[in-house]
Amino acid sequence: MGTIRFRFIMVALVVSFFAVGMAAFLNYFKYKSTINNIVKSRVLVVGRGIENTVQASLQLGMQFAELQQLPQMMAREKSADRLVRAIDVFDTSGQILYSTDSGRVGQKVPTVWTSAAQRSKSTEWSTDETDDLVAGISIKNAFDLTVGYLALRYSREEVERAATTAGREIMLAALASFVALAIVAPLALIVVIRRFERDLRTLEAAASHLEDRNQPPPAAGSAFDGAINHLRASLREANKALDDLRAKLDAAG
Amino acid sequence: MLEKNYLWRVYWRLAGVIMVSVVIALAVVSYFSHRVFDRELVPETEQKAATVGASVRALVLKATSWGVPFTQLYGADQTFGDVFEENPEFTYAAITDSDGTLLFSRGREPDGAREYFHAPSILAVGLDPTATWKATKVGNLYFIAMPIASDKPLGILHIGIDGKFVDNVLLEVLLDVVVVLVVSLFFTLELLNFMAGARLASGLGEFGQQVERMRSGDFTATARVRANDEIGRLLRRIDAAIDHLNVRYEFLVGELEDKLRSATGTRRDALKPAMTALESIRSRFRFGSAPASAEGDEMNLNRIRAPLFAFILAEEMTRSYLPSYVNQLLVAIPGVSPQVVIGLPIMIFMLIVALGQPYLGSWSERVGRRRAMLIGASIATVGFAATSLAFNLYDLLLWRSLGGLGYAMVFVAAQGYVLDRTGHTNRAQGFALFIGAIMVATVCGPSIGGILADNIGFRASFAVSAVMAMLSILAIARLPATEPRSPAARPSRAPRMREVMALLFNKRFMTLTGLAAMPAKVILTGVCFYLVPLYIVSIGNTSAMAGRMLMVYAVMMVMIVPLSATLSDNSMRRDRYVSIGLIISGLSGMLLLVSDSFLVLFGVVFLLGLGQALSIAAQSALVSEHCHEEIRIYGHDAVYGVYRLLERLGNAMGPLIASLLVIFWGYQGAFVAISAMVLVCGIAFTIATRGYEFEPVTATAP
């Protein structure tokens, strides 16, 4: 295989690898973000039910720290969806007031939770910086002041398992496409650069006969015909001048 | 002789084949991805619909527990509406009684829904209060049915999921795939040039030169090492033919000289024709060794393209998401608005580039272009890597400053590399190559950077830029270590303060610089690097979308600049192109007065790209035309040095001005105000240059 052809094929392979790799990367991440969003919004549906109850209690004048029926309701809602691992309600300082995991009451939530909740532009917030994924809702009173937050912890493995399965399949599809491309593209390239290679071969062949004195080969219709003719003519002229000198030297004896 | 565009025709054909193959491969990947999405996402969405359904059912049961008859529920339609609003993939919802008679519904009822409601398997769900939910596909919808039961079965709740929601998810990916395709095309052309074309073009160019030399009678032999490829072998054959001629010539000359030494009288007369023939040969042909030419491999300008492209790409990749990243690391600085703080890293970067360039030019001359580029790229790599690990805004400013310094070093040294290896005849060609590498990086960088930032995050994207900058170091290391610049050559110098001051108060110079060059840069960095990335994210879009927008700008530049440069050169009325360009740029932001829709923003970037493309080439060429008197007094280097300095200060001012405008008038107001400023400058420039007779100078601006 010619060096130039090899280089062109390498270009095709590098570009194909980039394009197919990027497409697989995009599809995988799109899948991951979509499944994340679906699961997160599903978890938040559970949270909305609790939030509505808290809101209703607050509007009746009850204190946020004194909602005695809330833990039972949270436990009921948690059992409604196997994905939810725990539900916590914490105040603005990050202290847990209610939790489906009673041992956590009184503890502080990780600071990433409170900062994610405070950073969010809407009432919904989420963070994936802890072991479990967390989706939450800011709880506001009648004056639109945030009195606390609701956090639903749900299984990271479940989401990642789905993403891994999809990722593996997308990668396999990409790999198969790349292999097919690696076979087809060089063949297509060979067809396309045939004319260019023929031009180069003509040129090389002509160059190998540059010093032949006999008639030049007929024009091959290559892009280099003109250049080859010029080369041959220049060499012929120079040789002719040297032949003339030779003849004159011979004649002088 | 070889046709000028012969190689480019070959490249385009190759690029076409590669693109077709890539499109087919992408279609295959998309098809399989669709299958995976369908199979995995539909059950998850059904599960979500069941959770939402359970919430709706709880509301229904609460109402019936208060004594509202199940068939007379109030507000079911509105509840369904709220569900659709929060979950756009749900397009139909209904409640039927236990017999399958429709009681309440919202959304377009699919064909076959009534039959489905009455299907025995579905009615069985309603009669079994312990049943969870059942999924069925009806028409184009995926339905889930769940029982509503208190102490007895009341009915069935149905939620329909749009069957096309998976298509819609993939449609969002499609835009990014199109971007990948466009970037792949540019990558293909760059790689063709880097991996094959540079050597091929150089080999064919050398072949062409050899043919010309031989046509002119020059048969001097070169002692070059030829590559072991088709062109190398061809050149070796030509070298061999020339060598044979030279040997023959030397032999004949030696023989004649020998005979002349020993010849006397008539014998000497007999050699006269041979002597005349030799004289004739000497007058027509040249033999012997060719002088050591500077046109060797070191002179191959193409070799600068790959490292420059890789390096600029690393920086351009950050354009679409840098302001959002800064926003994330924002630290309150007392007395400074957050909007200004977000613009600070861009501003400082541009300021370092502007102030550093005049001095870095002579520095890179002293240490050598290649070494300067290596140092610059290494500093920038550290800057990118450290930015990816930044703690807060303060250290980010430091790391971006390092990036700016590295960028300025590489840019100036690469420019010097081209200058050192070009003369008057091929300088324009050299700079076309230099600008070409930058423009391609500008097309590919922001879009790919935006996609990366959206998917792997800002920090990891900066790490990718660091890797790209590191790759550029490898490519720079392959550049020739020898410097073709003669030690006796006059060193370039930065403009002196008195020259700067004199030019600052020069009306002709400042008309061009203050009314055209600086406003053009202010709107470029203010809009493209600051406002567009922040505004797009603020209206709920992604960094990838910001990247696509910036890509529109870059594509306009790539397509229009060569055309406008040719047209303005031919017409010799470059001032008109600058005026029109400035006015179009100035009108761009005004579009946001009409509407703040996304399509209008696209129009803003499109017009800005068009305006800048029309004026950019003509602007620097106008310096020679407009300021020939100043060039005569202060010298070409000083005038262009001050021009470039002020132009780049415009780059630094852009984000500052834009951020101040955002404080007072918000994003839309800032777009309009910055554009209005450029429009006023454009009109003032038009009036100031009206009737001005320009001297026809063919400028080759560095």
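All residue numbers refer to position in the chain's written sequence, counted from 1. Numbering of ligands from 1 and lettering of chains from A proceed in the order in which they are written. Given that the model is predicted, a residue must reach a pLDDT of at least 70 before its local features are reported, and side-chain atom pairs must reach 80 or more before they are shown or counted; all residues, however, enter totals for whole chains, interfaces and linings. Side-chain calculation: all heavy atoms of the structure are included, whereas hydrogens and water are not.

Caption draft 1: Molecular detail of the sheet that holds strand β3 (residues 134-138) of chain B. All names here are of chain B. With antiparallel pairing, the 5 strands of this open sheet are ordered in space as β2-β1-β5-β4-β3. Looking at the sheet topology across the chains shown, the edges are occupied by β2 (102-106) and β3. The sheet shows a mean angle of 20° between the axes of neighbouring strands, taken without regard to direction. Paired strands, in this sense, are two strands between which DSSP finds at least two bridges. A run of DSSP states H or I qualifies as a helix once it reaches four residues; a run of E qualifies as a strand once it reaches two. Both are numbered from the N-terminal end. Here strand β1 (residues 90-97) pairs with strand β5 (residues 153-162) via 7 bridges, running antiparallel. Counterpart to Asp97 in the pairing with β5 is Gly155. When checking whether two residues touch, look at their non-hydrogen atoms; a contact exists if any pair is within 4.5 Å. Under this scheme, a helix contributes an axis fitted over its contacting stretch, all axes are lines through C-alpha atoms, and angles between N-to-C directions fall in the 0 to 180 degree range. Contacts from helix α2 (residues 76-86) reach β1, β2 and β5 within the one sheet, and its direction differs from that of β2 by about 35°. Contacting β3, β4 (141-149) and β5, helix α4 (residues 120-127) runs over the sheet at an angle of about 125° to β5.

Caption draft 2: Spotlight on helix α5 (residues 194-208) of chain A. Multiplying 1.5 Å by the helix residue count minus one yields the expected span of that helix. Spanning 15 residues, α5(A) covers 21 Å between terminal C-alpha atoms, matching the ideal 21 Å at 1.5 Å per step. Here's how the labels work: a residue is buried when its accessible area is under 20% of the maximum for its type, exposed when over 50%, partly exposed in between, all with a 1.4 Å probe on protein chains only. Among the residues making up α5(A), those that are buried are Phe196(A), Glu197(A), Asp199(A), Leu200(A), Thr202(A), Leu203(A), Glu204(A), Ala206(A) and Ala207(A).

Caption draft 3: The arrangement of the nonpolar core in detail. Nonpolar cores were defined as sets of buried Ala, Val, Leu, Ile, Met, Phe, Trp, Tyr and Cys residues, with membership established by side-chain atoms within 4.5 Å. Membership of the largest hydrophobic core comes to 281 residues, with the highest contact counts inside it found for Phe196(A), Phe207(B), Phe219(B) and Phe671(B). Looking at this core, the element that brings in the most residues is helix α1 (residues 3-59) of chain A, giving 26 residues. Domain start and stop positions are those given by an automatic or database domain assignment. Of the domains in this structure, domain 1 (2-164) and domain 2 (209-253) of chain A are the two that each give at least three residues to this core. If near-sequence neighbours (up to four positions away) are discounted, Phe671(B) is found in contact with Val527(B), Leu531(B), Val532(B), Tyr535(B), Gly589(B), Leu592(B), Leu601(B) and Val604(B). Grouped together as the second largest cluster of nonpolar side chains are 13 residues, Tyr92(B), Tyr116(B), Val138(B) and Ile156(B) included.

Caption draft 4: Local environment of the packing of helix α6 (residues 225-252) of chain A against helix α8 (residues 272-284) of chain B. Relative orientation of the contacting elements α6(A) and α8(B) amounts to 165°, with a least axis distance of 8 Å. Classified by the angle their axes make, α6(A) and α8(B) are roughly antiparallel. Handedness of the α6(A)/α8(B) crossing: left-handed. Residues Glu237(A), Ala241(A), Leu242(A), Asp244(A), Leu245(A), Lys248(A) and Leu249(A) of α6(A) lie in contact with α8(B), whose contacting residues are Pro273(B), Ala274(B), Ala277(B), Leu278(B), Ile281(B) and Arg284(B). Partitioned by chemical class, the residues of the contact of α6(A) with α8(B) number 9 nonpolar, no polar and 4 charged. Here is the rule for angles: anything less than 35 degrees is roughly parallel, anything more than 145 is roughly antiparallel, 65 through 115 is roughly perpendicular, and the remaining ranges are oblique. By convention the crossing between two helices is left-handed if the near helix lies anticlockwise of the far one by an angle smaller than a right angle, and right-handed if it lies clockwise. Charged means Asp, Glu, Lys or Arg here, nonpolar means Ala, Val, Leu, Ile, Met, Phe, Trp, Tyr, Cys or Pro, and polar covers whatever is left, Gly included.

Caption draft 5: Structural view of the environment of Arg268(B). Residue and element names in this part refer to chain B. The residue Arg268 is located in helix α7 (residues 265-270) in this model. Owing to a relative accessible area of 38%, Arg268 belongs among the partly exposed residues under this scheme. Separated by 142 residues in the primary sequence, Arg268 and Val410 have C-alpha atoms spaced 67 Å apart. Contact partners of Arg268, with chain neighbours within four places excluded, come to Leu260 and Ala263.

Caption draft 6: Structural detail: helix α2 (residues 70-80) of chain A. Residues and elements named next belong to chain A. Those residues of α2 that fall on the buried side of the exposure criterion are Leu70, Met73 and Met74. The buried residues of α2 occupy one face: seen down the axis, they fall within an arc of 100°. For α2, exposure combined with an orientation more than 90 degrees from the buried face picks out Arg76 and Ser79. At its buried positions, α2 is contacted by α1, β1 (84-91) and β2 (96-99). Directions drawn from the helix axis to the C-beta atoms are what define this arc.

Caption draft 7: Just the packing of helix α18 (residues 543-571) of chain B against helix α21 (residues 598-626) of chain B, in detail. All names here are of chain B. One can describe the packing of α18 onto α21 by two numbers: an axis separation of 7 Å at closest approach and a directional angle of 30°. Considered as vectors, α18 and α21 are oriented roughly parallel to each other. Considering only the axes of α18 and α21, their crossing is right-handed. Counted by class, the contact of α18 with α21 contains 21 nonpolar, 4 polar and no charged residues.

Caption draft 8: The arrangement of the sheet that holds β1(A) in detail. All names here are of chain A. Spatially, 5 strands are ordered β2-β1-β5-β4-β3 in an open sheet, and the strand pairing comes out antiparallel. Each having just a single partner strand, β2 and β3 (124-127) make up the two edges of the open sheet. Across the sheet, the mean angle from the axis of one strand to that of its neighbour is 25°, orientation sign disregarded. One ladder, built from 3 bridges, connects β1 with β2; its direction is antiparallel. What sits directly across from Phe90, in β2, is Ile96.

Caption draft 9: The arrangement of the state of the cysteines in detail. Residue and element names in this part refer to chain B. Pairs of cysteine sulfur atoms within 2.5 Å are identified as disulfides in what follows. Within this structure, the stated rule accounts for 0 disulfides over all chains. The closest cysteine sulfur to the non-disulfide-bonded Cys444 is located on Cys528, 16 Å from its own sulfur. In this structure Cys444 comes out as buried when scored by relative accessible area, which is 0%. Its relative accessible area of 1% is what places Cys528 among the buried residues.

Structural measurements only, silent on function.
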